[in-house]
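For reference, the chains in residue letters:
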Amino acid sequence: MGTGAVTFGERLRALREERGVSLGELARATSYSKSYLSRVETGRRPGNGLLAAACARALGVDPERLGPPDPPEPPKAPDAVGRPGGTAAAPPPPAAVPAVAVPVAVPVQLPPAPGVFAGREAALAELDGALSPARPRWGEGGPRVWVLDGMGGVGKTALAVQWAHRVRDRFPDGVLFSDLAGHGSSGAPREPGEVLDGFLRALGADAGTIPPRVPERSALLRTLLAERRVLLVLDNAAAPAQVRPLLPGAPGCVVLVTSRTRMAGLVVREGARRVTLAPLPEERAVELLRRTLGPERVDADPAAAGELVRRCGRLPLALLVAAERALSRPGLTLTRVNEELRSDRTRLHVLAAADDGDSALRTVFSWSYRALAPEPARAFRLLALHPGAALTAETAAALLGTTAGNAHELLDVLADVHLLELEAPERFRFHSLLQVYGRELAESQDSPRDRAAALDRLYDWYRQGADAAGRLLEPGARPAGAAPLPGVRPPVFGAAEDAVAWCEAHLADLLSLIRHAALAGRPPAAWQLPFALWSFFHRQHHRAEWLNAARIAVAAAADSTDPRALTVSLALLGTAQLHAGRPVEAEIHLRRALERCADGGAEPESECAARNHLAELILRQGRAAEALELLGPALPLARATGHRRAERVTLTNLGDASLRLGRLADAERFLLEGLSLRSTGPDPRTEGLALLHLGAVHRAFGRLPQAVGCLRRALELHRASGDRWARGRALEQLGHALVALGRPEEAVPLWHEALAVLAGDVAPAEGVAHGAHAVPGPLELSGPESSRRPRFRLRPSAES
């Protein structure tokens, strides 16, 4: 340096001492090391524009007070023997070298915008909310950190880059972009210090001034961005800890983070706003295909385009790979592409770009899977075996052979990295392609024995739940089943309403399990599950589901070694057909069930039930005498088995048949005997039907007050049981009894209620107590009551 001029370092020291700031305090305030500042003050290192700006801010003065930074020193000439740094031939310093200011860099690091983009209007609009001009100061009063999360292949990076290009002009001081490599083929995630070094250099920092440690680099980044408006796009982040050192402090900056994890830590501590990307809506996914393949090709076969969208799970990456497959072979129709994707075993192989391994769905998914610890990784594989897509903590616990609490923790871990999605509170769901990937992993990494054991536990958990529900819905209808398998903790219900709610919530998965068991060659599960659901199907009128499950049960029971299997499955199918309005088919299957009983194909309980089911059918057809003959042997069978409820059901059906034949005394005797069997426990449906029939007997005998009493009690019971048809018939018959008593004003509102109730039930006319089930039915009398048959009837079933 020249000897006469005051150097930058001397001015800095004088100003620092004037302000009463120690060298250590200045170092902490500027994020430059104390030793570096000392060398600047003593003239051993030159100052520069960035340092001057940082020190001026720290000392609270105008940068002009520090004056221009020092010019760089010229290199020293070699000495006489050629060693650098000698003094013998050193030239004099330049007389007047002007100060050189470091230019302020404006980085624009965004990669190119995606070539094809569609279907993310809602997410783009949500991100645009960060730029609202309504805020008094840009970036103030709202989140400045945004997290864009979602499963692999859902299009997070494409959306982030698309949005960043759209709003680039709102950030005059630049856009910083970094792929943090949280999930990918490049190995470990990038270290924050490495990313900070790149950002600082992009912002114009001299390499010699960049501190070596991450905290100081992070502070320097905040310093450089303090008065700037910069967008930072941090793509593919692994965890909040990787992101935090990269966050600016200025409200004028916005950070957009993309990640396969939910980044809950950033939401909690940094107040980040989360935007979760789901697969595209179907119409938007079709639009993405149109933009990729061309509208003519997609519009020429919209059905095939829709199927392709579904086969790809509405996942943008999968759609683009499939579209490229079609584009690369112009003669390949969308229908043919769909055929290639139909098999789960080949679907992920097809969805792979031939020359880009990083675009293969299997590879993209593997990046998330490889980051899992061993226990969540095993959970991902075994949970994927579920024949349905939805999972709860309880079903997961059954598959994994663990507790519901531990299963819930594992589900949360998988949902956090979007290997599962949270469909509803306490309910998780696989994306279809991720489930295919998980099953591939299970087949390659878990033994056949472990996979079979997981499915056996799942089948048993559902069967135990359906059995428990059936015993609550129709108490005494069936004995307790086999004990649960090891590792299975069956559902427990406090009331019938809880049992119904459980069956409704799991119905789709139960049906998937029944189909899967049949296809997988597991006859016990394929017929036991439908049989366990009998009471629920009957009560809730799920006729189409009942028919499908019963047909599968019959087919599976034919391969079962259990002698009961085919008999009870035939009875189940016949009863389902009866309630679906198919009496001819119903009678065929019910008679087949009864024939198997006669041939020794079932125990007495099954024969008793089969006789009651068949009696129900022929009673509906007006064949009361035949029904009475059929029910005769059922009563001693019921008494021989000791099942009091079966006896009660049979007596109620005998009473109904006798009533229809006009044998009122016999009907009254059967019904009263059935009502006296109260030791079987609560059974509101069968008791209600017995009282309904007994009310008709009292009306026929002219005992109108007794009829009203029976019918009022029947109405209460049917309201409690939830049986709409029986409730409607009790309302109707009670109205007739009140009219006969001269109280028509009380009957009219009852009939209005009956019409409203019956209008909601499209089942065929019903009304007998069959097998283990009490069911409503018509009260048509051939005796003295025949002139007072009901004045309105239900329409035939609309289901087929």
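Every value quoted in this text rests on a predicted model; they were computed, and no experiment measured them.

Novice: Explain unusual backbone geometry here, please?
Specialist: The phi angle of most residues is negative, glycine excepted, and most peptide bonds adopt the trans form. A positive phi angle is found at His 418, which is not glycine, with a value near 60 degrees. Relative to the elements of secondary structure, His 418 occurs in the loop between helix 20 (404–416) and strand 7 (421–424). Taking the relative accessible area as the measure of exposure, His 418 reaches 3% and is therefore buried. We note that Glu 426 has phi near 65 degrees; this positive angle belongs to a residue other than glycine. Examined against the element boundaries, Glu 426 turns out to sit in the loop between strand 7 and strand 8 (427–429).

Novice: In this structure, what is going on with the sheet that holds strand 5 (residues 273–276)? I would like to understand it.
Specialist: Picture the strands of a sheet paired through backbone hydrogen bonds; they go either parallel or antiparallel. Pairing within the open sheet is parallel, and its 5 strands lie in the order 2-3-4-1-5. The two strands at the open ends of the sheet, each matched to only one other strand, are strand 2 (175–179) and strand 5. Averaged over all neighbouring strand pairs, the angle between strand axes comes to 15 degrees, with direction disregarded. The sheet strands contacting helix 7 (residues 192–202) are strand 2 and strand 3 (231–237), and the helix crosses strand 2 at an angle near 155 degrees.

Novice: Just to check I follow, could you spell out the packing of helix 31 (residues 634–641) against helix 32 (residues 644–660) for this structure?
Specialist: Angle between the axes and distance between the axes are the two parameters that describe a pair of packed helices. Two elements in contact, helix 31 and helix 32, have axes separated by 8 Å at closest approach and are oriented at 165 degrees. The angle between the axes of helix 31 and helix 32 places the two elements in the roughly antiparallel class. The crossing of helix 31 and helix 32 is left-handed. Where helix 31 approaches helix 32, its residues Ala 634, Leu 635, Ala 638 and Arg 639 are matched on the opposing element by Ala 646, Glu 647, Thr 650, Leu 651 and Leu 654. Considering only residue class, the contact of helix 31 with helix 32 consists of 6 nonpolar, 1 polar and 2 charged.

Novice: Explanation requested: the pairing of strand 2 in the structure shown.
Specialist: The side chains of a regular strand alternate, residue by residue, between the two faces of the sheet. Strand 2 sits mainly inside the fold: 4 of its 5 residues count as buried. Sheet topology note: the strand 2/strand 3 ladder contains 5 bridges and is parallel. Note that in strand 3 the partner of Val 175 across the bridge is Leu 231.

Novice: Mind showing me how you'd approach the nonpolar core here?
Specialist: If you look at soluble globular proteins, the nonpolar side chains tend to sit buried side by side. Counting 161 residues, the largest nonpolar core has Leu 231, Leu 289, Phe 365, Phe 380 and Leu 383 as its most contacted members. It is helix 23 (residues 496–519) that contributes the most residues to this core, 11 residues altogether. Ignoring sequence-local partners within four residues, the contact set of Phe 365 consists of Met 151, Gly 152, Arg 260, Leu 315, Leu 348, Leu 433, Leu 434 and Tyr 437.

Novice: Which parts of the structure should I look at to understand the packing of aromatic side chains?
Specialist: The relation between two aromatic rings is expressed through the spacing of the ring centres and the mutual angle of the planes. For the structure on display, the rule yields 12 aromatic pairs. Ring geometry for Phe 380 and Tyr 437: centres 6.2 Å apart, planes at 45 degrees, overall tilted. With Phe 380 in helix 18 (residues 374–383) and Tyr 437 in helix 21 (residues 432–445), the pair connects residues that are 57 residues apart, well separated along the chain. For the residue pair Phe 380 and Tyr 437, the accessibility class agrees, reading buried in each case. Seen from the ring of Phe 670, Arg 669 lies directly overhead, with NZ or CZ sitting 4.5 Å from the centre.

Novice: Is there a simple way to explain the pairing of strand 7 in this structure?
Specialist: Judged from the 3 bridges that link them, strand 7 and strand 8 form a sheet pairing that is antiparallel. By the bridge assignment for strand 8, Leu 422 is matched with Phe 428. What sits between strand 7 and strand 8 in their antiparallel hairpin is a turn of 2 residues, with Glu 426 showing a positive phi close to 65 degrees.

The rules behind each value
- Residues numbered from 1 in each chain as written.
- Predicted model: local features only at pLDDT ≥ 70, side-chain atom pairs only at ≥ 80, totals over all residues.
- Heavy atoms only, no water.
- Helix = DSSP H or I, 4+ residues; strand = E, 2+ residues; numbered from the N terminus.
- Buried < 20%, exposed > 50% of the residue type's maximum accessible area, 1.4 Å probe, protein only.
- Pairing = 2+ DSSP bridges.
- Axes fitted to C-alpha atoms, helices over the stretch in contact; angles between N-to-C directions.
- Contact = heavy atoms within 4.5 Å.
- Parallel < 35°, antiparallel > 145°, perpendicular 65-115°, else oblique.
- Left-handed = near helix turned anticlockwise from the far one by under 90°.
- Nonpolar A, V, L, I, M, F, W, Y, C, P; charged D, E, K, R; others polar.
- Core = buried A, V, L, I, M, F, W, Y, C linked by side-chain atoms within 4.5 Å.
- Phe/Tyr/Trp six-rings, centres within 6.5 Å; stacked < 30°, edge-to-face > 60°.
- Lys NZ or Arg CZ within 6 Å of the ring centre and 35° of its normal.

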